[in-house]
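# Reading the structure
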Amino acid sequence: MSSKFQGQTGPKSAAGKRIASLNALKTGLFAKSPLLPFEDEAQYKRHIKSVWQSLSPEDAVQVQLVQQIADSMWRGTRQEFRAALHREEVFKQLTPKILAGMMGLSETLVSHAPAFIVTPNHRFGRAYLKQSRQRFAQYEHLQRNVKGVLNYNMVWRSYPEFFQGLDLWSKKAVSPNIFMFNNQGIELYWQTHPKELEALISEYGSFLWYVVNYDDLRPKIRTWMAIWFFVRGRHCQEVEMYDEIVLRERRSCQLLLDAFFKLRKSQMDHALVMHSRLSLEPPNTLSGMGSIELGAEEIPEPKTRSEKNEMADSADESSTS
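Residues numbered from 1 in each chain as written. Predicted model: local features only at pLDDT ≥ 70, side-chain atom pairs only at ≥ 80, totals over all residues. Heavy atoms only, no water.

## As for the overall build of the chain
For clarity, the threshold we go by: Helix and strand definitions follow DSSP, with helices as H or I runs of at least four residues and strands as E runs of at least two, each counted in order from the N terminus. Think of it in three bands: with a 1.4 Å probe and only protein chains considered, a residue is buried below 20% of the maximum accessible area for its type, exposed above 50%, and partly exposed in between. It only takes one pair of heavy atoms within 4.5 Å for two residues to be counted as in contact. Exposure was quantified through the Shrake-Rupley algorithm and a 1.4 Å probe, taking into account, for residues, occlusion by the shown protein chains and nothing else.
When you go through the chain residue by residue, the secondary structure sums to 12 helices and 0 strands. Counted from the first residue to the last, the chain has its helices and strands arranged as α-α-α-α-α-α-α-α-α-α-α-α. The buried share among the 321 residues of the chain stands at 30%. Put simply, of all contacts in the chain between residues at least 6 apart along the chain, 66% involve residues at least 24 apart. Total accessible area on the chain is roughly 22,700 Å²; 57% of this is exposed by carbon and sulfur atoms.

Here is the structure:
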C-alpha cells in the first residue's frame, strides 16, 4: 500500500481547495456560503446593504435576523433564475414546425413556419401590419391568376408591393437579390430559374399569412404551448421541484421577516412600559443626600416652667371660680 500511495492528488492552493469544495454543488440551496463562485460579490454586497438600510437593525439580535433575511432573499432569487432556465429548456425543444403541426395547419404553412410563432407575446406595429395585408392580398391574387408563369419579369409590375417586400425579406437569405441593382427588373438568374423563384414566393406568402393572422393564432399558440409544457413529464417534474424550492425559500424569508418585526414591536412595547412607569413614580427629592448627624451639644433642651409660676396660676384660677 505504501508503494502505491502517491500522496495528495487534489489541489494544494487555497483557491484550488475552495473550488474543489464545490464539486458536489447542485442547487446551492444548502450551501454553507451564501455566495456561489459564479455570482457577483459586489452585487451581493449591494443587496445586503439595501436590506440593512430598509430594516435598520438596532441590536445584535436584529442584526442576525437581517443577515438571515438578506441571505434568504438572495437564495430565492437564485432559485427563481434556475427555475426559469429549466422552463426555457422545455420550450427549446418546441420548434416552430412542431407547433404549427400541433395546430393542424397545412403542410405548406407547417414547412414555412416562422420563428416568431413560438413567442406568443410578439407584437407587430400597425404600419407593418397594414403593409403586410396589402402584400398578402397581392400574393393571393398572384397565386390565383399568374402562378406557373415562365418569366416573372413580365408580371412583377402588377404586384409591386409584394415583390418589393419579397426583395427586402430575402436579402439576407438568398443570393443574388430579386431585383437588379437599378430596380428596373428581376435579376437574370431568377428569370431563368422560375421554379426557384416560385418556391421563394410561396415561402414569403406563408410568412405574410402568419403575420396577418397572428392575432387570431395567438390563443391557439398559448394553448398548445401549455399542452407541450405539461406533457414533457421529466422536465416538468424538475421545474415543479424548483418552483417548490422557490416557494419554500420565500416562506422561510417571510417567517424571518415576521420574527424580525415581532421582536422590534416587543422591544418598543417594553420601552414604552418602562417609560410610563418612570413617569408615574413621584420624585424623591432627598435621594442622593446623606443622613444628617447632630452632636450632643447641638440638640436643644426642652424648656421647663418654675413651681412659683404654677402656684400663682392655680391661685388665679381658684379666685376666678
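## Overview of the pattern of salt bridges
Definition in use: Here, a salt bridge means any side-chain nitrogen of Lys or Arg that lies within 4 Å of a carboxyl oxygen of Asp or Glu.
A full pass over the atoms with the stated rule returns 9 salt bridges. As a salt-bridge pair, Lys 265 and Asp 269 come within 3.2 Å of each other at their nearest N and O atoms. Of this pair, Lys 265 and Asp 269 are both found in helix H11 (residues 233-280), 4 residues apart, which corresponds to roughly one turn of the helix.

## Brief notes about the packing of aromatic side chains
Rules: Only the six-membered ring of Trp is used, alongside the rings of Phe and Tyr, when aromatic pairs are assigned; centres must lie within 6.5 Å, and planes under 30 degrees apart are stacked while those over 60 apart are edge-to-face, with the rest tilted.
This structure, assessed with the given rule, holds 19 aromatic pairs. Between Phe 91 and Phe 229 the ring centres are 5.6 Å apart and the planes differ by 15°, which places this aromatic pair in the stacked class. With Phe 91 in helix H3 (residues 60-92) and Phe 229 in helix H10 (residues 214-231), this residue pair connects regions lying 138 residues apart in the sequence. Looking at Phe 229, the relative accessible area reads 12%, which means it is buried. By the ring-pair criterion, three or more aromatic residues cluster together here, those being Phe 116, Phe 124, Tyr 128, Phe 136, Tyr 139, Tyr 152, Phe 162, Phe 163, Trp 169, Tyr 204, Phe 207 and Tyr 214.

## Looking at the nonpolar core
Using the following cut-off: In this description, a nonpolar core means a group of buried Ala, Val, Leu, Ile, Met, Phe, Trp, Tyr and Cys residues linked to one another through side-chain atoms lying within 4.5 Å.
Ranked by internal contacts, the top residues of the largest apolar core, which has 41 residues, are Ile 117, Tyr 152, Phe 163 and Ile 201. Where this core is concerned, the elements lending two or more residues are helix H4 (96-102), helix H5 (107-111), helix H6 (126-145), helix H7 (160-170), helix H9 (194-212) and H10. It is H9 that provides the largest number of residues to this core, a total of 8 residues. Counting residues in each nonpolar core, the second largest holds 13 residues, with Leu 55, Ala 70, Cys 253 and Phe 260 among its members.

## Digging into unusual backbone geometry
A negative phi angle is the norm for most residues apart from glycine, just as the trans form is the norm for most peptide bonds. Along the chain, Ser 175 connects to Pro 176 via a cis peptide bond; the corresponding omega equals 0°. Even without being glycine, Ser 56 reaches a positive phi, approximately 50°. Within the secondary structure, Ser 56 sits in the loop between helix H2 (41-55) and H3.

## Side note on the confidence of the model for the chain
Keep this limit in mind: Per-residue confidence from the predictor is reported as pLDDT, a score between 0 and 100.
Predicted confidence across the chain gives a mean pLDDT of 80, with 75% of residues reaching 70 or more. Note that residues 24-29 has pLDDT below 50 and, in this model, 15 contacts with residues that lie over four places away or in other chains.

## Overview of a nonpolar patch on the surface
As a reminder, the rule being used: A patch consists of residues exposed above 30% relative accessible area that lack any salt bridge, with like charges linked at up to 9 Å and nonpolar side chains (Val, Leu, Ile, Met, Phe, Trp, Tyr) linked at up to 5 Å.
A grouping of Trp 224, Ile 227 and Val 231 is seen on the molecular surface, where their side chains present a nonpolar patch of about 260 Å² in accessible area. Of note, Ile 227 is situated in helix H10. Exposure remark for Ile 227: the relative accessible area of 36% places this residue in the partly exposed category.

## Thoughts on the environment of Phe 179
With respect to the helices and strands, Phe 179 occurs in the loop between H7 and helix H8 (188-192). Ignoring any residue separated from it by four or fewer positions in sequence, one finds Phe 179 in contact with Trp 156, Phe 163, Gln 164, Asp 167, Gly 185, Ile 186 and Glu 187.

## Some points on the side chain of Asp 167
What counts is decided by this rule: Here a polar contact means two N or O atoms within 3.5 Å. Within protein one must be a hydrogen donor candidate and the other an acceptor candidate, and residues neighboring in sequence count only if both atoms are side-chain atoms.
The residue Asp 167 is located in helix H7 in this model. Under the relative-accessibility criterion, Asp 167 is labelled buried at 8%. A polar atom in the side chain of Asp 167 sits 3.2 Å from the backbone nitrogen of Ile 178. Among residues more than four places away in sequence, those in contact with Asp 167 are Asn 177, Ile 178 and Phe 179.

## Digging into H2
Our working rule: Helix span, as expected, comes to 1.5 Å for every residue beyond the first. Here the arc refers to the directions that run from the helix axis out to each C-beta atom.
Taking 1.5 Å per residue as the helical rise, H2 with its 15 residues ought to reach 21 Å, and the 21 Å between its terminal C-alpha atoms agrees with that figure. Every buried residue belonging to H2 is among Tyr 44, His 47, Ile 48, Val 51 and Leu 55, and all of these are buried. Taken end-on, H2 shows its buried residues confined to a sector of 95°, consistent with a single buried face. Away from the buried face of H2 by more than 90 degrees, exposed residues Lys 45, Arg 46, Lys 49 and Gln 53 are located. Residue Ser 56 follows H2 closely and has a positive phi angle near 50°.

## Examining the packing of H6 against H7
When two helices pack together, their arrangement is given by the angle between their axes and by how far apart the axes lie. Selection criterion: Comment: axis = line fitted to C-alpha atoms, over the contacting stretch for helices; angle = value between 0 and 180 degrees taken between N-to-C directions. Any angle that is under 35 degrees is reported as roughly parallel, and any over 145 degrees as roughly antiparallel; angles of 65 to 115 degrees are reported as roughly perpendicular and all others as oblique. Only Asp, Glu, Lys and Arg are considered charged, only Ala, Val, Leu, Ile, Met, Phe, Trp, Tyr, Cys and Pro nonpolar, and every remaining residue, Gly among them, polar.
Axis separation between H6 and H7 bottoms out at 8 Å; the angle between their running directions is 110°. It follows from the interaxial angle that H6 and H7 lie roughly perpendicular. Contacts between H6 and H7 involve Gln 131, Gln 134, Arg 135, Gln 138, Tyr 139 and Leu 142 on the former and, on the latter, Pro 160, Glu 161, Phe 162, Phe 163, Gly 165 and Leu 168. For the contact of H6 with H7, the per-class residue count stands at 6 nonpolar, 4 polar and 2 charged.

## A look at the packing of H7 against H9
Direction vectors running N to C along H7 and H9 enclose 95°, while the axes themselves pass 10 Å from each other. Taken together, the axes of H7 and H9 are roughly perpendicular relative to one another. For the pair H7 and H9, contact is made by Phe 162, Phe 163, Gly 165, Leu 166, Trp 169 and Ser 170 and by Leu 197, Leu 200, Ile 201, Glu 203, Tyr 204, Phe 207 and Leu 208, respectively. Of the residues in the contact of H7 with H9, the class split is 10 nonpolar, 2 polar and 1 charged.

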